[in-house]
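# Structural description and commentary
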Amino acid sequence: MAAVLESLLREEVSVAAVVRWIARSTRGSEDNPGEAAALSSLRPLRKEFVPFLLNFLREQSSRVLPQGPPTPAKAPGASAALPGRPGGPSRGSRGARSQLFPPTEAPSTAAEAPLARRGGRRRGPGPARERGGRGLEEGVSGENLPGAGGRRLRGSGSPSRPSLTLSDPPNLSNLEEFPPVGSVPPGPAGTKPSRRINPTPVSEERSLSKPKTCFTSPPISCVPSSQPSALDTSPWGLGLPPGCRSLQEEREMLRKERSKQPQQSPTPTCPTPELGSPLPSRAGSLTDEPADPARVSSRQRLELVALVYSSCIAENLVPNLFLELFFVFQLLTARRMVTAKDSDPELSPGVLDSLESPLFQSIHDCVFFAVQVLECHFQVLSNLDKGTLKLLAENERLLCFSPALQGRLRAAYEGSVAKVSLAMPPSAQAVSFQPETDNRANFSSDRAFHTFKKQRDVFYEVLREWEDHHEEPGWDFEKGLGSRIRAMMGQLSAACSHSHFVRLFQKQLLQMCQSPGGAGGTVLGEAPDVLSMLGADKLGRLWRLQERLMAPQSSGGPCPPPTFPGCQGFFRDFILSASSFQFNQHLMDSLSLKIRELNGLALPQHEPNDEDGESDVDWQGERRQFAVVLLSLRLLAKFLGFVAFLPYRGPEPPPTGELQDSILALRSQVPPVLDVRTLLQRGLQARRAVLTVPWLVEFLSFADHVVPLLDYYRDIFILLLRLHRSLVLSQESEGKMCFLNKLLLLAVLGWLFQIPTVPEDLFFLEEGPSDAFEVDTVAPEHGLDAAPVVDQQLLYTCCPYIGELRKLLALWVSGSSGRSGGFMRKITPTTTTGLGAQPSRTSQGLQARLAHAFFHNQPPSLRRTVEFVAERIGSNCVKHIKATLVADLVRQAESLLQEQLVTQGEEGGDPAQLLEILCSQLCPHGAQALALGREFCHRKSPGAVRALLPEETPAAVLSSAENIAVGLATEKACAWLSANITALIRREVKAAVSRTLRAQGPEPAARGERRGCSRACEHHAPLPSHLISEIKDVLSLAVGPRDPDEGVSPEHLEQLLGQLGQTLRCRQFLCPPAEQHLAKCSVDLASLLVADQIPILGPPAQYRLERGQARRLLHMLLSLWKEDFQGPVPLQLLLSPRNVGLLADTRPREWDLLLFLLRELVEKGLMGRMEIEACLGSLHQAQWPGDFAEELATLSNLFLAEPHLPEPQLRACELVQPNRGTVLAQS
Amino acid sequence: MILTKAQYEEIAQCLVSVPPTRQSLRKLKQRFPSQSQATLLSIFSQEYQKHIKRTHAKHHTSEAIESYYQRYLNGVVKNGAAPVLLDLANEVDYAPSLMARLILERFLQEHEETAPSKSVINSMLRDPSQIPDGVLANQVYQCIVNDCCYGPLVDCIKHAIGHEHEVLLRDLLLEKNLSFLDEDQLRAKGYDKTPDFILQVPVAVEGHIIHWIESKASFGDECSHHAYLHDQFWSYWNRFGPGLVIYWYGFIQELDCNRERGILLKACFPTNIVTLCHSIA
């Protein structure tokens, strides 16, 4: 590899030829014969070149960036086998997931040694957590880190590389001596994949002939031995050499740590104290070295390498575009060159054109190189966010080294509108209850319904508790909530309950985590919840709440591992704590379904021909819609990946050897949870990669180590790799993918290629993708990929790690003491919009094709409007039919049922049978629904379309749009109605029947005919509760015990009865139970009056109520019973043994009031004579004192002796006559 | 009538082991003349119920029941007209209505072939005339009309008070032109948890969004409020978002701590209601 670079430096071959040589397996025709000859001899090494180059640059920069921010790179050894190759020893590399570049079997070459030191250097920033911790624990003494320092020494001792020995970095573990330069905040670093730690034991026996791609270390149980054969497929088959044991152990520990990470705390860990502590000292001791273009050494060489490097980046030959940019930015902002221990050797021109001398000999070289590279990537830079552009444009080094670039950047900054703000996810708002999906009819049983009711509440209780506590130190999700969650999951017995719960879970997930600034609480694909719309206005409050909910945004370096920031952590931990396989299965089903649905959503496509301002406004909406869909998809896919691969992920090392083979054999039998391969293929075909790939990457980022080895997923990776290579940013043409779309895909793919579980060698495949990456596109010319759907906001939201570039620049400005999150993150509230569902696409005929053609030349908003109107009107139509036709039928059912009940008596027959009869009578009427529905759609759709389209829409277009809307709405409504109307009527009638039958039951009297008070009533009557309470007091006084001074006045009694009358007449506050009790109490009161048991206040002489007063009160009661009570009054109680028995206690007994009362009851038609006679008869059967029984018999006789009066109803007219009863009673 | 926790505790302190009679209530009103009677009664009732919940079990051991029943029998043999049962209840510090139920159950067990069903017992308590024994009927009746915390009459009063306040609230909503769905309408639609009213268009009260209103015709003390939060208010929040609870008889001020979280407490119908402006919407 070095040979290539060297021939390049010697100008034997051109840069273009080299790049062509790398990128294409076949020789380009434009290569001149000399170049071709030079390169063709090196053909077997072709694919090793890029990893070599990257490693070389990293290594060369190690003196500048000894401990700077991580510039992880991953470039595997050239010959690394495709991971999935069955039985291939490359599996061994699974054990070395942490490596940047797996070792190759390539024999050592002359250029190898410089790289040997990489082991030490590589452990710089990336693994800051382990490193920092360790450094403090062990490194204070200045001693080497185990493995790192030791190896470095060995490496540096390599006799073949004297020059490198000189520049050998000093002990990096000494933080005092080598404070991290411009380092990113240490905290987030803790969450970086620790694969960046790559201690590399250096083989003593390297020859000078060939460089080793030893930016990487050998995996466990293998050694970068001098095994020669470049094509050896078992490069790491040998045992560890002596001395590697500790390294192996160390790596083992690291790997365990690493594999734990994804399952750890929901938010990126906060800066740990031991990491934070070295910071202050670092800031103080540092002085920036100025960079001077005049002092650049070997310009030409730097230019050449920069050009090759830039070309590799431009051709997407490097795995991660932004990682390389990050590296370049690091070089640009490098503060200080570590001076070599020994004096630099004489730099003769002869040395300069080889690799023998360090590439970067000073800060000047670094900055020069960086600026050279940046110049080649102006286009990418100019598409970064405005903040980054500003920092770049203001960078004095850049100005100094390339005023031209600076000028372009400044212009780009001034023209940029790409303000990016990373909004936080919206706060917790509950998923609203929707009767259509949540009411009893959606559950198999009452029990399931009520269980789910409870579960919903427990779920939110747990969520609230999490909100309150999850940021408290020492709070543990599992300890705090685990048992409650499992108890709740345990109650979900019915499968249907699981699906209900999963729906709630998923909706809540989308609601809380889905969108940037989606504060409206609108769940995608659902109608916006009117109730929550006002809430959206209260953004200030919401944001404040959110801030509480959100963990501080922390960066994870340019390649953070997949995490669950903020609220997502709750859902992740919930899944883990629930540990319910049923739940997980239902969740996967539901997530898959939603992903399919959203992925297939017909997002509007950009019409390149309407570029006027109007469509611009529309386009904002399209973009927002796309962003909402994309972010939702990514969230869902992330959780799907998490759950789907959960059973296969664990802290144990990935299997190797035979074990791996058997696992592979087993796993390859398991169908994928979601057919992502097909979705990807279709997405590529339909030119919708910009939608499909980002979520697929999220899904794959949770794959376990075995996944990339499976044929199925390997196909996916190959497709992705090809796509990656094809996304050459400089190639822009009509109908091809937009720049920012490409940038998004490059960013997410680059990130994916850095995930520890993705084999590092995957990227540099032998069958390197050719530039002829062509998929058969069946899609229209302008697929989604060609539409400018991605903006910087979306790019940065999907790939927050791109923001690391800005941080790096900002840290340069602010000095290295910058702390985490040095930027104020502004929150830009944006609103989300619900998506109208796709109209059904059935019955496509010529008409449909015409309609389609009609839309083709109209602005996309027209189509959306029509589809929206059709969707809504269709849905409203169904609701309208429910509220009118079905409701009418239900009313008919109720009256039919009443008839049935009357004819069949109280029982009314078997309810099921009744229902059948009713349904057979009523369901045929459902046929009207279609006609009514059609009429409704015709009536409603045109107006809605007219209201929503611009006034200026031509009449013909308008009327066509209206007609199409009517047609679509009718189609939708009628499709639903014809399929469901009978079932709907049946369901509603059934509910009505059971309602009626229930009401038939215990309290038929409660349903009085006369309800409500007169219109003039002002509802000032005393409250029923007050009256019951008052009467109760009188009763309790009457039955005692009472104090001697207690009693009631006759006036009070009268007033009470007067109030009772008012209350009964004003029925505003009266409920049936209260009326019942009032009736009962009034009867009790009457009995006490008759028995003269009410203690009257006043002079002792009046201790008993006067006869006249008593009669007056009884009259009032009779009148109330007759006129005012609407419910039944238990008058027969007046003759119950208990009440009549009250008389037994009075001496002398007074029977006249009772007789009076009985006569009046008959007189007023309140009780029939026969009824009273029966009561009196039964009274005789009770046991009484002898004299009382006699007197009772006399009363009976007296009452019975009176002449029979006409039947009550006939006497109604007589009631107007003078009070005959009173006369009788007094006789 | 919003009380601080200290004020509330002062009242509650006076209620320890006070029998639930009208005399006790009278004394309480004299002791705290500045408090509304309804609030005092509500607090009294709640405190007494807490007391009964704590001591309930000891009155339901078979030994206790047997001893009460014997004392009742001895008492009525001596004098059937004396308030035997009521005195017994007051003496052992148990609610008269509950004592009546206890003795009635015991009596029926002795006199009937089969154990009496709950509905039979309830029916007899509502209408003591149905009790086969005249003396017991009178004793039971006396207990019920003298108990101001338990019994069918008290239950009915509480129910009526609750209903009246719902009606009151409904009137106020209508008066303010706030459209709403009431409990019955919600139930008909199949909602599993139903606050008294859901506003069809949310409003804001003191800067807080209100989607639903629940009327509570009682005093909001810690115990009842926590139970309500758990069984009702949070459930409403879980389904409908933030809302308002009106404790018509007041509450402990410190309990109004979930405003930010979405549960606002008031002791009356709010005066300053901000509605959604249609010009903005």
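This text goes with the structure placed above it.
All values reported here derive from a predicted model rather than from experimental measurement.

Definitions and limits used
- Residues numbered from 1 in each chain as written.
- Chains lettered and ligands numbered in written order.
- Predicted model: local features only at pLDDT ≥ 70, side-chain atom pairs only at ≥ 80, totals over all residues.
- Heavy atoms only, no water.
- Contact = heavy atoms within 4.5 Å.
- Buried area = accessible area lost by both parts, 1.4 Å probe.
- Salt bridge = Lys/Arg side-chain N within 4 Å of Asp/Glu carboxyl O.
- Polar contact = N/O pair within 3.5 Å; in protein donor to acceptor, adjacent residues only side chain to side chain.
- Helix = DSSP H or I, 4+ residues; strand = E, 2+ residues; numbered from the N terminus.
- Nonpolar A, V, L, I, M, F, W, Y, C, P; charged D, E, K, R; others polar.
- Buried < 20%, exposed > 50% of the residue type's maximum accessible area, 1.4 Å probe, protein only.
- Core = buried A, V, L, I, M, F, W, Y, C linked by side-chain atoms within 4.5 Å.
- Axes fitted to C-alpha atoms, helices over the stretch in contact; angles between N-to-C directions.
- Parallel < 35°, antiparallel > 145°, perpendicular 65-115°, else oblique.
- Left-handed = near helix turned anticlockwise from the far one by under 90°.
- Expected span 1.5 Å × (residues − 1).
- Pairing = 2+ DSSP bridges.

Contacts between the two partners involve 54 residues from chain A, matched on the other side by 53 residues from chain B. Taking both sides of the interface into account, the surface hidden between chain A and chain B amounts to around 4,800 Å²; carbon and sulfur atoms contribute 58%. At the junction of chain A with chain B, the criterion picks out six salt bridges. One salt bridge connects Arg26 of chain B with Glu1046 of chain A, and the closest N-O pair in it is separated by 3.0 Å. Here chain A and chain B share 21 residue pairs in polar contact (both at pLDDT 80 or more) between them. Elements with a contribution of two residues or more to the side of chain A that touches chain B: α23 (446-469), α26 (530-537), α27 (539-549), α43 (1024-1039) and α45 (1072-1090) of chain A. Classifying every residue of the side of chain A that touches chain B by side-chain character gives 24 nonpolar, twelve polar and 18 charged.

Phi is mostly negative for residues that are not glycine, and the peptide bonds are mostly trans. In this structure, Ser579 of chain A takes a positive phi of about 30 degrees despite not being glycine. Within the secondary structure layout, Ser579 of chain A lies in the loop between α28 (568-578) and α29 (581-599). Under the relative-accessibility criterion, Ser579 of chain A is labelled exposed at 53%. Here Asp93 of chain B, not a glycine, exhibits a phi torsion of approximately 65 degrees, which is positive. Structurally, the position occupied by Asp93 of chain B is in the loop between α5 (84-92) and α6 (96-111). Since its relative accessible area comes to 25%, Asp93 of chain B is described here as partly exposed.

In this section: the nonpolar core. All names here are of chain A. Ranked by size, the top nonpolar core spans 335 residues in total, and within it Phe501, Phe574 and Trp1121 carry the most contacts. The dominant element in this core, judged by the number of residues it contributes, is helix α30 (residues 613-645), at 15 residues. Those residues in contact with Trp1121 that lie beyond four places of it in its chain are Ser1082, Val1083, Ala1086, Val1129, Leu1131, Leu1134, Leu1157, Leu1161 and Leu1166.

So, on to the packing of α45 of chain A against helix α47 (residues 1137-1144) of chain A. Residues and elements named next belong to chain A. α47 packs onto α45 with a crossing angle of 25 degrees between their chain directions and a minimal axis gap of 8 Å. On the basis of the axis angle, α45 is roughly parallel to α47. Crossing of α45 against α47: the hand is right-handed. Of α47, the residues touching α45 (which contributes Asp1084, Ser1087, Leu1088 and Val1090) are Asn1139, Leu1142 and Leu1143. Residues that form the contact of α45 with α47 fall into these classes: four nonpolar, two polar and one charged.

Once that is clear, we can look at the environment of Glu478 of chain A. Residue and element names in this part refer to chain A. If you trace the backbone, Glu478 turns up in helix α24 (residues 477-491). Along the chain, Glu478 and Leu576 lie 98 residues apart, while their C-alpha atoms are 8.6 Å from each other. Contact partners of Glu478, with chain neighbours within four places excluded, come to Ser483, Arg486 and Ser577. A distance of 2.6 Å separates a polar atom in the side chain of Glu478 from a polar atom in the side chain of Arg486.

This next bit is on helix α44 (residues 1050-1065) of chain A. Residues and elements named next belong to chain A. If you check α44, its first and last C-alpha atoms are 23 Å apart, about what 16 residues at 1.5 Å a residue would give, namely 22 Å. Those residues of α44 not exposed but buried are Pro1050, Leu1053, Leu1056, Leu1057, Gln1059, Leu1060, Gly1061, Thr1063 and Leu1064. Residues of α44 that are buried in the fold lie against α43, α45 and α46 (1107-1124).

This next bit is on the packing of helix α48 (residues 1152-1163) of chain A against helix α50 (residues 1186-1201) of chain A. Residues and elements named next belong to chain A. Here α48 crosses α50 at 35 degrees, and the two axes come no closer than 11 Å. Every pair of crossing elements has a handedness; the one defined by α48 and α50 is right-handed. Together, Leu1154, Leu1155, Leu1158, Arg1159 and Val1162 of α48 and Leu1195, Leu1198 and Phe1199 of α50 make up the contact between the two elements. Grouping the constituent residues of the contact of α48 with α50 by class yields seven nonpolar, no polar and one charged.

All names here are of chain B. Of the two faces of strand β7 (residues 263-266), both are covered, the one formed by Ile263 and Leu265 as well as the one formed by Leu264 and Lys266. In the sheet, strand β5 (residues 243-247) pairs with β7 via four bridges, with the strands oriented parallel. Counted as the bridge partner of Gly243 is Ile263 from β7.

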